4 protein chains.
Amino acid sequence: MEALRYSKAAYDKYLMYGDISTKAAHMLSLPKVSDFFTRLIQRVSPKSYQQAFGEVYVTQKFLENFCGDQVRFLARSFAVPGNHLGQQSHGFRWPYGPVAIITPFNFPLEIPVLQLMGALYMGNKPVLKVDSKVSIVMEQMLRLLHTCGLPVEDVDFINSDGKTMNKLLLEMILDHEVVLNLQANPRMTLFTGSSRVAEKLALDLKGRVKLEDAGFDWKILGPDVHQEDYTAWVCDQDAYACSGQKCSAQSLLFMHENWSKTSLLSKLKDLAERRKLTDLTIGPVLTVTTDSMLEHVNKLLEIPGSKLLFGGRPLEDHSIPSIYGAIKPTAVYVPLEEIMKDNNFELVTKEIFGPFQIITDYKNSQLSVVLDALERMHNHLTAAVVSNDPLFVQEVIGKTVNGTTYAGLRARTTGAPQNHWFGPAGDPRGAGIGTPEAIKLVWSCHREVIYDYGPVSKNWEIPPST
Amino acid sequence: MEALRYSKAAYDKYLMYGDISTKAAHMLSLPKVSDFFTRLIQRVSPKSYQQAFGEVYVTQKFLENFCGDQVRFLARSFAVPGNHLGQQSHGFRWPYGPVAIITPFNFPLEIPVLQLMGALYMGNKPVLKVDSKVSIVMEQMLRLLHTCGLPVEDVDFINSDGKTMNKLLLEMILDHEVVLNLQANPRMTLFTGSSRVAEKLALDLKGRVKLEDAGFDWKILGPDVHQEDYTAWVCDQDAYACSGQKCSAQSLLFMHENWSKTSLLSKLKDLAERRKLTDLTIGPVLTVTTDSMLEHVNKLLEIPGSKLLFGGRPLEDHSIPSIYGAIKPTAVYVPLEEIMKDNNFELVTKEIFGPFQIITDYKNSQLSVVLDALERMHNHLTAAVVSNDPLFVQEVIGKTVNGTTYAGLRARTTGAPQNHWFGPAGDPRGAGIGTPEAIKLVWSCHREVIYDYGPVSKNWEIPPST
Amino acid sequence: MEALRYSKAAYDKYLMYGDISTKAAHMLSLPKVSDFFTRLIQRVSPKSYQQAFGEVYVTQKFLENFCGDQVRFLARSFAVPGNHLGQQSHGFRWPYGPVAIITPFNFPLEIPVLQLMGALYMGNKPVLKVDSKVSIVMEQMLRLLHTCGLPVEDVDFINSDGKTMNKLLLEMILDHEVVLNLQANPRMTLFTGSSRVAEKLALDLKGRVKLEDAGFDWKILGPDVHQEDYTAWVCDQDAYACSGQKCSAQSLLFMHENWSKTSLLSKLKDLAERRKLTDLTIGPVLTVTTDSMLEHVNKLLEIPGSKLLFGGRPLEDHSIPSIYGAIKPTAVYVPLEEIMKDNNFELVTKEIFGPFQIITDYKNSQLSVVLDALERMHNHLTAAVVSNDPLFVQEVIGKTVNGTTYAGLRARTTGAPQNHWFGPAGDPRGAGIGTPEAIKLVWSCHREVIYDYGPVSKNWEIPPST
Amino acid sequence: MEALRYSKAAYDKYLMYGDISTKAAHMLSLPKVSDFFTRLIQRVSPKSYQQAFGEVYVTQKFLENFCGDQVRFLARSFAVPGNHLGQQSHGFRWPYGPVAIITPFNFPLEIPVLQLMGALYMGNKPVLKVDSKVSIVMEQMLRLLHTCGLPVEDVDFINSDGKTMNKLLLEMILDHEVVLNLQANPRMTLFTGSSRVAEKLALDLKGRVKLEDAGFDWKILGPDVHQEDYTAWVCDQDAYACSGQKCSAQSLLFMHENWSKTSLLSKLKDLAERRKLTDLTIGPVLTVTTDSMLEHVNKLLEIPGSKLLFGGRPLEDHSIPSIYGAIKPTAVYVPLEEIMKDNNFELVTKEIFGPFQIITDYKNSQLSVVLDALERMHNHLTAAVVSNDPLFVQEVIGKTVNGTTYAGLRARTTGAPQNHWFGPAGDPRGAGIGTPEAIKLVWSCHREVIYDYGPVSKNWEIPPST
């Protein structure tokens, strides 16, 4: 039964999107193409070559996952026998029809491609709005997709002019109104971006949204100490890669007292300090100014027992405009008991979308306090439990709800490869990205069709009314 | 890994809920218990013994579906190998935690039990509010569940006093505020009831809802005429059982011209007229008065070409209070071309939650007009395509989005047995009920846990920052 | 948990095989490569360019299905909560380890590539034996796969010399003994080929086999007549494409009496007679001589009421060696009542692996006789029910067990695209090919790992023995 | 589409078997019924009350799993869109039709009920043969099932007379011939019993079998020592419950040297010695005589370095006939290096279906030797890895293939609850029991039905032949 409603030749589209994915994946695998997109990303989104290339690579691998028949396999339905001969109940994942996609500045290629193709694979008709500062990347990618066979009428792409660039949030809402004008009634809107806009959109659209908003992501180092160098390196990457401008960046690190006795903190400091502007391993922050970030540090340092571990100063010798932020990778220590106080909690758990983290420690007996802190936080995007002790891991996982939680000695907070779900949990509006499960749950709804062909028994007679 | 977060002994709860379901299903299978609940339902919700018994029976069968290990099987997760030895990504369905359930008057047992148990099976902590007019049924059922082992602290049950009983919708919102006071922040609220309250709740709760709201449900009789008697009987039951007070009741019937030539309409009239108040095969309407319904009929009869097919008069010889409605099973014919006119469409497709339907017909060449009408409707709950012609069925199913669609010569609009999904489609807030799929999608969210235990390669060295 | 047992770097292999598939699919999509393989197939297996190209195309599409992460997705496991905290039961599909693959002459590329890659994807160590007459195709394909990254040590390829080419079946058994010598104990052997060898292997290997053996495939034309030209064309292709040398070729056609009244038979004759040797739309038969086939026709014509519909004569003007067969596309009519007689049934249902079919017809009242005939046949590979009447289709499907059954007005017996299971049913040894399901069921076994990490309750005490 | 082929009213049967399971589960939950079956089991199969009750309880819980709609949910199929509008490919699990079940003496209720109901749930027509010594249990259970609604014609039950009771294996083969006479051609036979008969049956039935044969099951205690008492108790139960007459009984224990330093062995000895004949915590062995077992012990003690740890003597003060075995719970230590020698390996790994185990130890550096030993064994039924070190567990699981493998500090070799697959792995003939997966894989085969209803394009023209 047809599960692609809004196109004249729905069935051919399953095969067509398999072909488009095959061709586009192959294009992105060509060094000159991937280098082009990597450098284009770098021009608009400040990150190292390797981080920008990572986006291109994940996008290529995502497309490889939906070659051949894999798009139609997403439309796999199920059926169970009914109550009598000839009756069978079929469960389909059905497209919404007209949908909207709104994506942010920090992943100009990966987020829009993965969500756009997901929407198309499931049979929807999407309108796409990418943050204006970076939308050139997706504009070029759409041309590539058109070359690979994407019909121009299958996607509407909205590209606002630069006038409102300084008022990011307002602009997105305005753009969103444009969206609404263009397509009178999107049945579902996927939004990735700030919590503030997310809540506004949820109201405007009466809840017909899926959201992947900001994260305040934590990591716990458990009682078993292994692999100090490795753990330090993962922490540094989690907190400071892309200058902390990933929604999965490590914002709060809980160290078990056994780790406090190691040289972990000094290793973290050394790693943070080798980052430099020239290769963009540290760079401009697009949504928070230097002054705001330093002011936040100073407020934290007023908390009794808190101290600056490293960073806390502006970057030097740069030409980054003052509307952006530019600070060295920074960590502030705050004692656990202070974090838990009502007048401090909100301050400590405020998300700073830049190269900044809080570090604290806990005693064996304080695990329940740590778990209380996690329960009080609003966002449940990513988390990490660094431990190879199954009972410790079990305890923390069982008491938390973060959407993407890494556990084990190699656990990290960042990392959203194409092979696993990435998204917040604990909220019916939470969206995922990339995997078959994410695509099906975000971009389609359940529809049940009960076939009931008969026969009617030959000696059937009209029964009494009920 | 633990997937029941909010209870001290989560694991035992999987088995405990299997046991509770086994025992409660057995209780409901005992004639004196099922008779008790059937009559109790009849006392508060006007329907025939057989219709009320149907609720009890579906509830029993639902509980049978989650005996033994079947509750833990709902928590089935999946895993795929990761990027290196020791890494594996697990996809779980995870509970929300604190949740709320608000259910309506017309199914006092079936809807609250199925949703409540679904919420519990997936590990949530629910607060339940049933429409005050009928909440005595669920109050008794909770006592039965407690006897079967349900811990009293697992469910909060809110039972408002009767003061506001005449102002149903307002009351539900007020009750809802009580809900919010009781449990500061339900992460998800399931609402079954009117569209108006649903939209209000979606705003109040910023979209953290799942809805099963009202339906304006259509049926199409295709070009192939079979089984006239059978089809007439199904139409009569779909439109008038429970006096039309099912959200899946047939509201609009499209007859292919081949059916117009048969005696179907006269058979429909005969069947409607054998319904009588004494056995409640026709009875009081709780949310629309007699005057409102007759006024609606009169407005429709002003449309050129329309005519009263049968009914259209008040019930006689009854003591139903005038705050309720009481009319004979009624059908009004309106020509298809008139239905499609802008000034008529809203009137014709207005939901009347009583024993009332619109009937129209269409020529072979007018199928696309019918499909346009279906697309213009707002609600997408149930539908029926009465035809054994695979190509006709395919055409209609492929162009529509109703959540529960029956197709084939035995197709109907009502009927939501425990073995198939029942809920609206085309809206990310749409809820389902009863099946394993519905329980998992409504009462849990996706969580991904990536185990990454290592080892780290022995010759691993710290790489450059990125 | 690792599900690839027999390799040093199992995890990397999931990703490696995704990469190999991506590259090999791209290679086969290049016109010069696909043309090379198409012509190579034609040199050893007599079929038209288009039929040979079909093999290459299906192989390419199959490889596209397992790009990127799709190989690791095949290793997807599931888990359910256990009886107490810390216990979880995981169901894996686990590789056998050393396995053997034996494939026939008629699909020199498609069958060995699909089964070989399936075996590798699931983590096995295969030894491959392709029929010696055609093994050059796979020898070239292995070189292509090596170029795409397949490690040479992952597959053993056995290529016997040409001495025993005239004694096909014996040769295969001998080769098989070589297989056993090479790899002392294959835990599973996949065999595609003749029934006789299949049964021998099942004994030699004590049932540790999966089989896709010969087929005697039937088609039923139902009571509803549609699309005469289309149906005739599908019948012609099903019976005579590849000169009938597909295991899914149509061997027996049951026409409802409503079809007998049409010009279907004369259309079949016209279509059969336009086939010609020059473009290999008819060509040599590799396993049955001309004399054997004509002798079979003559025996059939001795049955009362039977008649030659067309064909029944040798091909002319050719240089096909007499060890092969060469006859015109042939159809013999035998009355249904005669087919059912004990002394005729075996003769009529004897498989002739060449351009030959039986045609019969049946009255409305004789459907049960037809169904009895189907039940008496030994092989249950493919079948077709040409009807758009859901009740007729339901009746035939419900009473039969063929592995791949097409139903509907476009039904055919041949056609094994990469997106659906293809294999016999009704036998626990039956193998499938190509789809994710087939790969998982044929090339892996179930393994359950129950993690039970504890904790043990602190006040646990040793209980009495039981 | 109908997936129950061999019954007149297949569809009703799905619901009927849900009802039978509901009723039979309820019956077994009644104390007087479960006590009756527990004592009946004890009369024919020597085990403690608690072990016999365990069978009844697992059987009850199994039946609870298939109440209500859960039988029809086993018939859940899937579908994917085809290549053009109107085509859809459906994958079904289809019954074989006539099947046979042959079950052993040691679980007179659990094994036959779980396999019989599995066969019926999937739509087969089974003939059942239970070991004659214990078949009275199943004879009574069938009467219970008949009372619960099982139609007498749905199951054939073969009960051989007592003449051949002393020649168990031969008898089973003879019985099997009776089976073949009764039902000319079972398409699949499930056999649970000894390896010798299994191999004979595999030949007789040309591989159309699923087998769960004997096990030689190992346990490894890893380097991390936890919970000595708990571990000792689990080892004692694994080796000696039911006098070792479980196919999952612990036959070979590998202790890491860290465990050798503990008092584990003395605890094992104490636990073994508290077993006594009066409550059947030790009792008669039905298939091996006392002399055979003691002779085996003596042969083992000839190996250099081996020693008797405990037991090794006949039971005293009993009236067990000499055709059965009667020895005290026994353990023999053999050094690992000696086990690995070619002339010892077969002796040490010989299965003794009685209260007997081998114990050895290994150094940290010898793990690979242990893994080699596991690879050399023929049977791959159950295994246990007692460790909470994820890297150790991963290493052992990744290099082995046992069907049911427990891992973690609570790991055991016995225990086959109804919620997880239980069966051997590494063999395409391997059967599972009890879970939805086991039932589907053992008792049904894949069938693909491709619906292809059209339409055919209006401007379709006959293409050239290929």
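Residues numbered from 1 in each chain as written. Chains lettered and ligands numbered in written order. Predicted model: local features only at pLDDT ≥ 70, side-chain atom pairs only at ≥ 80, totals over all residues. Heavy atoms only, no water.

- Under an unreviewed UniProt entry, the name given to chain A is Aldehyde dehydrogenase domain-containing protein, and the source organism is Sphenostylis stenocarpa.
- UniProt lists a comment for chain A under the heading Sequence similarities (unreviewed entry), and it reads "Belongs to the aldehyde dehydrogenase family." (UniProt positions renumbered as here; feature names shortened; annotations may be inferred.)

1. Describing the overall build of chain A
Part 1 of the reasoning: A tally of helices and strands in chain A yields 17 helices and 15 strands.
Part 2 of the reasoning: Radius of gyration (C-alpha) of chain A: 25 Å, near the 23 Å computed for a compact globule of 466 residues.
Part 3 of the reasoning: Overall, the C-alpha framework of chain A stretches about 85 × 50 × 40 Å when taken along its three principal axes.
Part 4 of the reasoning: In chain A, the proportion of contacts linking residues at least 24 apart, taken out of those at least 6 apart, comes to 75%.
Part 5 of the reasoning: Carbon and sulfur atoms form 53% of the exposed surface of chain A, whose accessible area is close to 15500 Å².
Part 6 of the reasoning: Across chain A, 47 positive and 51 negative side-chain charges occur, with their mean positions spaced 4 Å apart. (Helix = DSSP H or I, 4+ residues; strand = E, 2+ residues; numbered from the N terminus. Rg over C-alpha atoms; globule rule 2.2 N^0.38 Å. Contact = heavy atoms within 4.5 Å. Areas by Shrake-Rupley, 256 points an atom, 1.4 Å probe, with all protein chains shown as cover. Lys, Arg positive; Asp, Glu negative; His and termini not counted. Charge placed at Lys NZ, Arg CZ, Asp CG, Glu CD.)

2. Here's the deal with the relation of the copies chain D and chain A
Part 1 of the reasoning: Each copy of the sequence occupies a distinct position, and chain D is placed on chain A by a rotation of 180° and an axial shift of 0.0 Å, giving an RMSD of 0.0 Å. Both chain copies can therefore be described as sitting about a two-fold axis. For chain D, the smallest separation between a C-alpha atom and the rotation axis is recorded for D:F78, amounting to 2.0 Å.
Part 2 of the reasoning: Comparing interface residues between copies, 100% of those in chain D also lie at the interface in chain A; the contact surface is shared. (Least-squares fit on C-alpha atoms with pLDDT ≥ 70 in both.)

3. Description of the side chain of B:T330
Part 1 of the reasoning: By the secondary structure assignment, B:T330 is in strand β11 (residues 330-333).
Part 2 of the reasoning: Apart from the residues lying within four places of it in its own chain, the contact partners of B:T330 are B:Y240, B:V297, B:L308, B:F310, B:G311, B:G312, B:P355, B:F356 and B:Q357.

4. Digging into a nonpolar patch on the surface
All names here are of chain A.
Part 1 of the reasoning: On the surface, a cluster of nonpolar side chains totalling about 260 Å² of accessible area is made up of Y49, F53 and Y57.
Part 2 of the reasoning: For F53, the location among the structural elements is in helix α3 (residues 49-64).
Part 3 of the reasoning: Taking the relative accessible area as the measure of exposure, F53 reaches 32% and is therefore partly exposed. (Patch = residues over 30% accessible without salt bridge, like charges linked within 9 Å, V, L, I, M, F, W, Y side chains within 5 Å. Salt bridge = Lys/Arg side-chain N within 4 Å of Asp/Glu carboxyl O. Buried < 20%, exposed > 50% of the residue type's maximum accessible area, 1.4 Å probe, protein only.)

5. Description of the nonpolar core
Part 1 of the reasoning: Judged by nonpolar contacts, the single largest core of 103 residues is most densely connected at C:W218, C:F254, D:F37, D:M117, D:Y121 and D:M141.
Part 2 of the reasoning: Examining the composition of this core, we find that 8 residues originate from one element, helix α5 (residues 110-121) of chain D, more than from any other.
Part 3 of the reasoning: When residues no more than four places from it in sequence are discounted, the contact partners of C:W218 are C:L252, C:F254, C:L374, C:M377, C:T382, C:A383, C:A384, C:V385, C:V396, C:T400, C:N402 and C:T413. (Core = buried A, V, L, I, M, F, W, Y, C linked by side-chain atoms within 4.5 Å.)

6. Re the pairing of strand β13 (residues 382-386) of chain D
Regular strands place their side chains on alternate faces of the sheet.
All names here are of chain D.
Part 1 of the reasoning: Burial analysis of β13 places 5 of its 5 residues in the buried class, which makes it a mostly covered element.
Part 2 of the reasoning: The pairing of β13 with strand β14 (residues 404-407) spans 4 bridges and is parallel. Looking at the pairing, A384 lines up with Y406 of β14. (Pairing = 2+ DSSP bridges.)

7. What about the relation of the copies chain D and chain C?
Part 1 of the reasoning: Least-squares fitting of chain D to chain C yields an RMSD of 0.1 Å, with the transformation described by 0.0 Å of translation along the axis and a rotation of 180°.
Part 2 of the reasoning: Here 100% of the contact residues of chain D are again contact residues in chain C; the copies associate through an equivalent surface.

8. A closer look at the interface of chain D and chain C
Part 1 of the reasoning: Contacts between chain D and chain C engage 92 residues on the former and 92 residues on the latter.
Part 2 of the reasoning: The junction of chain D with chain C conceals about 7800 Å² of combined surface from both sides, 55% of it contributed by carbon and sulfur atoms.
Part 3 of the reasoning: On inspection of chain D and its partner chain C, the count reaches 6 salt bridges.
Part 4 of the reasoning: C:R208 is paired through a salt bridge with D:E199; the nearest N and O atoms lie 3.7 Å apart.
Part 5 of the reasoning: Residue contributions to the side of chain D that touches chain C peak at 8 residues, all from strand β15 (residues 445-452) of chain D.
Part 6 of the reasoning: For the side of chain D that touches chain C, the class distribution of residues is 40 nonpolar, 30 polar and 22 charged.
Part 7 of the reasoning: Pairing geometry for strand β14 (residues 404-407) of chain C and β15(D), over 4 bridges, is parallel. (Buried area = accessible area lost by both parts, 1.4 Å probe. Nonpolar A, V, L, I, M, F, W, Y, C, P; charged D, E, K, R; others polar.)

9. Comments concerning the packing of aromatic side chains
Part 1 of the reasoning: Applying the stated rule across the entire model yields 52 aromatic pairs over all chains.
Part 2 of the reasoning: With centroids separated by 6.3 Å and ring planes inclined at 75°, the aromatic side chains of C:Y240 and C:F310 adopt a geometry described as edge-to-face. Of this pair, C:Y240 sits in helix α9 (residues 228-240) while C:F310 sits in strand β10 (residues 307-310), and the two are 70 residues apart along the sequence. Of the two residues, C:Y240 and C:F310, neither departs from the other in class, the shared state being buried.
Part 3 of the reasoning: Every member of this aromatic cluster is reached through a ring pair, and the members are A:Y17, A:F62, A:F66 and A:Y121.
Part 4 of the reasoning: Directly above the ring of B:F107 sits B:K47, whose terminal nitrogen or CZ lies 4.1 Å from the centroid. (Phe/Tyr/Trp six-rings, centres within 6.5 Å; stacked < 30°, edge-to-face > 60°. Lys NZ or Arg CZ within 6 Å of the ring centre and 35° of its normal.)

10. Side note on the interface of chain D and chain A
Part 1 of the reasoning: Across the boundary between the two partners, chain D contributes 26 residues, which contact 26 residues of chain A.
Part 2 of the reasoning: Interface area for chain D against chain A, summed over the two sides, is near 2300 Å², with a carbon-plus-sulfur share of 56%.
Part 3 of the reasoning: Seen at the junction of chain D and chain A, the total is 8 residue pairs in polar contact (both at pLDDT 80 or more).
Part 4 of the reasoning: Elements with a contribution of two residues or more to the side of chain D that touches chain A: α1 (10-29), α4 (70-74), β1 (77-81), β2 (87-94) and α16 (390-398) of chain D.
Part 5 of the reasoning: Top contributing element to the side of chain D that touches chain A by residue count: β1(D), with 5 residues.
Part 6 of the reasoning: Its residues placed into classes, the side of chain D that touches chain A shows 14 nonpolar, 8 polar and 4 charged. (Polar contact = N/O pair within 3.5 Å; in protein donor to acceptor, adjacent residues only side chain to side chain.)

11. Describing the sheet that holds strand β5 (residues 156-158) of chain D
Residue and element names in this part refer to chain D.
Part 1 of the reasoning: Spatial ordering of the open sheet is given by β5-β4-β3-β6-β7, a layout of 5 strands whose pairing is parallel. The open sheet has two free edges, formed respectively by β5 and β7 (209-212), since each of these has just one partner strand. Pairs of neighbouring strands in the sheet enclose a mean axial angle of 15°, with direction left out of account.
Part 2 of the reasoning: Here 3 bridges tie strand β4 (residues 125-130) to β5, and the two strands are oriented parallel to one another. Across the sheet, residue K129 finds its bridge partner in β5, namely I158. (Axes fitted to C-alpha atoms, helices over the stretch in contact; angles between N-to-C directions.)

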